Amino acid sequence: IVFGTYEQDNNISNGKELIEWLVLVKENNRVLVISDKALDCKPYNQIWDYVTWETCSLRKWLNNDFINSAFSDDEKVKIPTVTVSADKNPKYNTNPGNATKDKAFLLSIVETEKYFTSDEARKCVPTEYAISNGAYTSDSYTKGGKATCCWWLRSPGDTRSSAASVSNVGSVISYGCYVHYVDRSVRPAMWISIDG
């Protein structure tokens, strides 16, 4: 589905582009979506520190700057605040923190493996704008002829100073990457209320 706008082609003069979302699941009158492309490039946390999804800077950015930049007031009404579970990392006993109340969030390892059934499905291409902001890409791995990127998950890695991510090849990196890495991409996820 198409919902909201965000700078994507890195040409600010032509305005923001429509955001395309993949529908992961439908429940009653709402759908869980994730951006089709990686929309931006941000560290999970501004500084190297022990953090969780609850305390990281990326959560604050998604629920303030991103939401306010990408959606009109009418669109924001359709994005419910939901309880986002503090899913444990299936391979490491790292403290995932507490559940949060968010409009926008990142998928956990558990959700990523549930909704994407293969590495190929998890592969993601960043926008030109995300690349201009430092998104790491590898021409060795492509999707639709374009280089793929690594994207953050909200689950902790093997320590609280790292966060899980998905690699260029679409595999889940359970041990994670240091939270202050600046070359990982962001694929926001959220629920959208729909009529009927």
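So, here is what we can say about the structure in this document. (Residues numbered from 1 in each chain as written. Predicted model: local features only at pLDDT ≥ 70, side-chain atom pairs only at ≥ 80, totals over all residues. Heavy atoms only, no water.)

## With respect to the layout of surface pockets
Then step 1. Computed from the structure, the largest pocket encloses a volume of approximately 260 Å³.
Then step 2. Residue lining of the largest pocket: 17 residues in total, with Q8, K37, P126, T127 and E128 positioned closest to the centre.
Then step 3. Breaking the lining of the largest pocket down by element, the ones donating at least two residues are β2 (17-27), α5 (128-132) and β9 (146-149).
Then step 4. Residue contributions to the lining of the largest pocket peak at 4 residues, all from β2. (1 Å grid on protein atoms, 1.4 Å probe; cavity = no way out; pocket = protein on both sides within 12 Å on 5 of 7 lines; lining within 4 Å. Points joined across faces, edges and corners; volume = space filled by probe spheres on them. Helix = DSSP H or I, 4+ residues; strand = E, 2+ residues; numbered from the N terminus.)

## Describing the sheet that holds strand β1 (residues 2-6)
Then step 1. Taken together, the 5 strands give an open sheet; going across it, the order is β1-β2-β3-β14-β7, and neighbouring strands pair in antiparallel fashion. Bordering the open sheet on either side are β1 and β7 (104-105), each of which pairs with just one other strand.
Then step 2. Pairing analysis gives 6 bridges linking β2 to strand β3 (residues 30-35), with the strands arranged antiparallel. Paired with V23 across the strands is V33, a residue of β3.
Then step 3. Helix α1 (residues 57-70) rests against β1, β2 and β7 of the sheet, and its axis sits at about 95° to β1. (Pairing = 2+ DSSP bridges. Contact = heavy atoms within 4.5 Å. Axes fitted to C-alpha atoms, helices over the stretch in contact; angles between N-to-C directions.)

## Thoughts on the nonpolar core
One broad rule of soluble globular proteins: the nonpolar side chains tend to lie buried together.
Then step 1. In terms of nonpolar packing, the biggest core is built from 47 residues, with Y44, L58, L62, F66 and F71 touching the most fellow members.
Then step 2. Of all the elements, α1 adds the most residues to this core, at 6 residues.
Then step 3. If near-sequence neighbours (up to four positions away) are discounted, L58 is found in contact with K42, P43, Y44, L106, W152 and V186. (Core = buried A, V, L, I, M, F, W, Y, C linked by side-chain atoms within 4.5 Å. Buried < 20%, exposed > 50% of the residue type's maximum accessible area, 1.4 Å probe, protein only.)

## Remarks on the pattern of salt bridges
Then step 1. Evaluation of the coordinates by the stated rule reveals 8 salt bridges.
Then step 2. When the shortest N-O distance is used, the salt bridge between R154 and E111 registers 2.7 Å. One end of the pair, R154, is in strand β10 (residues 151-156); the other, E111, is in helix α3 (residues 109-115), with 43 residues separating them in the sequence.
Then step 3. A salt bridge links R122 to D119, with the nearest nitrogen and oxygen atoms 2.7 Å apart. With a gap of 3 residues between them, R122 and D119 both fall in helix α4 (residues 119-122), about one helical turn apart.
Then step 4. A residue is classified by how much of its surface remains accessible, and R122, at 8% relative accessible area, is buried.
Then step 5. Owing to a relative accessible area of 34%, D119 belongs among the partly exposed residues under this scheme.
Then step 6. Shared partners join several salt bridges into a network, and the residues in it are D87, E111 and R154. (Salt bridge = Lys/Arg side-chain N within 4 Å of Asp/Glu carboxyl O.)

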